[in-house]
Amino acid sequence: MTRRPSWRERAACRGRLDLDFIDPTDEQVDQCRAVCAECPVRELCLADALTSGEAWGIWGGLDADERAAVAEQDGHPTPTVRPAHGTNARYAKHRCRCSACTAAHTEYERERRARLRARRRGAVARAYVLAEPVRCGRTWAGAGQYLLPLPGVPPLREAEHDLARPAQTASTAA
Ligand code: SF4
Ligand SMILES: [Zn+2]
């Protein structure tokens, strides 16, 4: 676990749960800046944000655009461009919990789980055992042999999708 910089202990924004310094609303921006103006560790806070290329929120009284301008002047890393609201990237990487980002994250997770389920199903159900020898290009695949269909190639026959009785199927065919 990393120790937070000691200047944070003296931050004027500490405990100001009424203000969101990370993603303030338009109305809150000026209030945040007012707190920063009185903050005893303003310089340290700003220096930290500039050094790390912080792309989020109000630090040392400056927002991301203002820090980008200072960074360009002073040779600090340029704050990265934040993804738009309503994207999973902004939810996951920038911890935005607004309703649009939360909805995007929910949808992303739903699709990811669906892809995972489909992959797991495919690993078991799409392999099939041959009931009788079939020609595979220039060669023959023997009865009882497991095959995985190629993408876009339809299964050989419904009756051949019988993973429950591969041995019996093979011996019957032989
Ligand atoms: S300068 Fe502003 S954001 Fe930084 S520690 Fe002080 S009050 Fe918090
Ligand atoms: Zn958001």
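Just so you know, these numbers come straight off a predicted model, no measurement behind them.

1. Here's the deal with the UniProt feature "binding site: [4Fe-4S] cluster" (unreviewed entry) in the chain
The positions UniProt marks with the feature "binding site: [4Fe-4S] cluster" (unreviewed entry) are Cys13, Cys36, Cys39 and Cys45. Spatial clustering of the annotated residues is evident: they stretch over 33 residues in sequence, but the largest pairwise C-alpha distance comes to 10.9 Å. Structurally, Cys13 is set in the segment before helix 1 (26–37). Apart from the residues lying within four places of it in its own chain, the contact partners of Cys13 are Leu19, Phe21, Val35 and Cys39. For Cys36, the location among the structural elements is in helix 1. Classification of Cys36 by C-beta neighbours within 10 Å gives buried; the count is 21. Among all residues touching Cys36, those that are not within four sequence positions of it are Arg42, Ile58, Gly60 and Gly61.

About the criteria used
- Residues numbered from 1 in each chain as written.
- Chains lettered and ligands numbered in written order.
- Predicted model: local features only at pLDDT ≥ 70, side-chain atom pairs only at ≥ 80, totals over all residues.
- UniProt positions renumbered as here; feature names shortened; annotations may be inferred.
- Helix = DSSP H or I, 4+ residues; strand = E, 2+ residues; numbered from the N terminus.
- Contact = placed C-beta atoms within 7 Å.
- Buried ≥ 20, exposed ≤ 12 C-beta atoms within 10 Å, placed from the backbone.

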